[in-house]
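What follows is each chain in one-letter form.
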Amino acid sequence: MSAAPTPGVFAESAAPATAPVRRTSRRPLWIGLLVVVLALVPMLAGNFTVSLLNDIGIGALVALGLVLLTGIGGATSFGQAAFVGIAAYATAWLSTTQGMSPWIGLAFALALTGLSALAIGLLTLRLGGHFLPLSTIAWGLSIAMLFGNVDALGRHTGLSNIPPLTIGGLSLADPRSIYYLIWALVGLALLFSHNLLQSRPGRAIRSLRGGAILLASVGEDAYRVRLTLFVTAALFAGLAGWLYAHMNRFVSPSPFDVRASIEYLLMAVAGGLGHLAGALVGAALVLILKNGLQDVLPLLTQRAGQLEAVAFATLFILLLHFARGGLMGFVRRFTRKRAAAPPRELDTPVEPLPHRTLPERGTPILSVNGAVKRFGGLVAVNDVSFEVKAGEIMGLIGPNGAGKSTMFNLLTCTLPMTAGQVRFLGHDIAGMPQRKVARLGLARTFQHVKLRPHMTLLDNVALGAHSRTNAGVLKAGLRLDRAEERQILQEAQRQLDRIGLGDRAHELAGSLPLGTQRILEIARALAADPVLLVLDEPAAGLRRKEKMALGDLLRRLREEGVTILIVEHDMDFVMKLVDRLVVMNFGSKLVEGVPSSVRADERVQAAYLGSVV
Ligand code: ADP
Ligand code: MG
């Protein structure tokens, strides 16, 4: 029964660990080159090219929001042009009819866009499946219709004579001058988004596709994350709308209708929904193509407008069939590496995140009292009571269909109870949202692993520390969260070291074999600094050697004061590991006791263990 760390067992279980990628990537070189070229364009290119690039920059801002919202967050919006419109009309109205400065218009436009997004998001973001995209079409249509029917907004004629932007007396009326502002803002928005994704809120956003239960298990509310993301994406669109209004000096309803929204979505899809640079590439691709079509189609037919829509629809279908990752996804296929560079946040050791004080060994921390769960007529858990004491490993076993997983879901508050009580650390947790229970110090793993395969091991584990920290979108985007981020990532690295996966921290979680992914989930749970660790079948899918290492790991954790409740099928594994166990059969508790007495119990042998003992 060795208490020594057992690194290496999981580390060697898959492909050999790749050497960490050095930080000297070529990316800064490419970005630098792009910046230089973009800075030179207005001096070398003609009016047409400059105007086209201005449109591309504005389109890229909207598409960037969509890459975050749809590509990374998984919520499809067919109404993004409406936010562009709200901002454009807001600043147009304020600067024409009220004669205010466009800079006040910017504040007003962003405030109005943000509030509209908040209101729409509150109403629609709880809708699941196809209802969310459908609702985006509905509000996209209605907002565009609103612009065309309000007298103060000039109805279908719109608002004209919008003043140009000025910076310290310098007018940006010329496309060549506003060009620099547009592209500076595109650069800043890209930087903000890049920072955001490498942060605490960014990890939550990147986990949205993993489902609400995953986020709840680390103490976060998926709805809140989605709402914040929705507002952020709308603000990018709002910034674009403000630029649009003062660049064109004229607004009318049609550039903000659903057709325009679909065009923005097409930009994001064509460029690559999974990549920030996809927004830029996609906007360029779509707008250059659109310009080309507008030149060519009138030569072929008189119905050029309709043909353009057909051409775009065809492009959409081709993309969905052959290049779902968009152009960036295609490029990345040839450049993607197995491992990422270690983040700088790991370089200088910092003060660790504060720990909870663990309850004294032997005090009851979880007590289940008369738990009942009915699914219609079926009683899956029938009047089950038991207690878990601090510092022990408790097992919950039983034949298939005995109600173990249901019991697990009841005490982690993933499912509501029909009757009964669960107390955890003195709190009555029955009926509490799962994320609140998680924040009290109850960490869980999943029977069907819930990891983010395209995030590194380090990031997956860092997500576990979510509830111990609090940086938000703004702080992260402005990179003011680095002190906390260092603590989070170093904590994640410590937990990876603890389970023996430390030297694979920068590989993608999806590259691990299933058994090792289960171990990784334990590290994520540990990063929450839990009082009670609840594991659902952690040994499933592990090889013998891995099971032994897992057993050693769990014993080591017990020695460090972590309490563990383990739901398990593998009898041999459980019997050697646990201090006490509860046996369930047909939803009821059959026996409770130490392994030797349970093993000897005739009822248990009859129900379940007959063949094993
Ligand atoms: P175990 O994990 O011990 O194998 P479960 O808790 O998964 O058992 O299931 C206990 C019983 O409850 C089974 O008969 C199962 O079919 C039923 N059950 C589990 N979940 C649901 C559900 N969501 N709806 C209806 N019946 C369910
Ligand atoms: Mg089960």
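Please read all numbers here as calculations on a predicted model, not as lab measurements.

1. Observations concerning the sheet that holds strand β6 (residues 378-389)
If you trace the four strands from one edge of the open sheet to the other, you get β6-β5-β8-β9, paired in antiparallel fashion. Each edge of the sheet is formed by a strand with only one pairing partner; in this case those strands are β6 and β9 (427-428). With five bridges connecting them, strand β5 (residues 364-375) and strand β8 (residues 419-424) associate as antiparallel partners. Of the residues in β8, the one forming a bridge with Ser367 is Arg423. Contacting β5, β6 and β8, helix α14 (residues 404-411) runs over the sheet at an angle of about 120 degrees to β5.

2. Examining the domain arrangement of the protein
Along its sequence, the protein is carved into domain 1 (44-256) and domain 2 (364-609). Placing the centre of domain 1 and that of domain 2 at their C-alpha centroids yields a distance of 42 Å. Roughly 2,500 Å² is buried in total at the junction of domain 1 and domain 2, and carbon and sulfur atoms are behind 60% of that figure. When the area that domain 1 buries against domain 2 is broken down by residue, the three leading residues are Arg200, Arg203 and Val218, summing to 29%. A salt bridge links Arg206 to Asp459, with the shortest nitrogen-to-oxygen separation between them at 3.6 Å.

3. Observations regarding the site of ligand 1
In the region of ligand 1, the neighbouring residues are Phe375, Leu378, Ala380, Pro399, Asn400, Gly401, Ala402, Gly403, Lys404, Ser405 and Thr406. Taking Gly403, its main chain carries an N or O atom lying 3.0 Å from an oxygen atom of ligand 1. Here an oxygen atom of ligand 1 and a backbone polar atom of Ser405 are 2.9 Å apart. Contact with the protein chains covers 58% of the free accessible surface of ligand 1, which is 560 Å². The biggest single contributor to the shell around ligand 1 is α14, with three residues. Residue composition of the shell around ligand 1, by class: five nonpolar, five polar and one charged.

Scoring rules and cut-offs
Residues numbered from 1 in each chain as written. Chains lettered and ligands numbered in written order. Predicted model: local features only at pLDDT ≥ 70, side-chain atom pairs only at ≥ 80, totals over all residues. Heavy atoms only, no water. Pairing = 2+ DSSP bridges. Helix = DSSP H or I, 4+ residues; strand = E, 2+ residues; numbered from the N terminus. Contact = heavy atoms within 4.5 Å. Axes fitted to C-alpha atoms, helices over the stretch in contact; angles between N-to-C directions. Domains from an automatic or database assignment. Buried area = accessible area lost by both parts, 1.4 Å probe. Salt bridge = Lys/Arg side-chain N within 4 Å of Asp/Glu carboxyl O. Near = heavy atom within 4 Å. Polar contact = N/O pair within 3.5 Å; in protein donor to acceptor, adjacent residues only side chain to side chain. Areas by Shrake-Rupley, 256 points an atom, 1.4 Å probe, with all protein chains shown as cover. Nonpolar A, V, L, I, M, F, W, Y, C, P; charged D, E, K, R; others polar.

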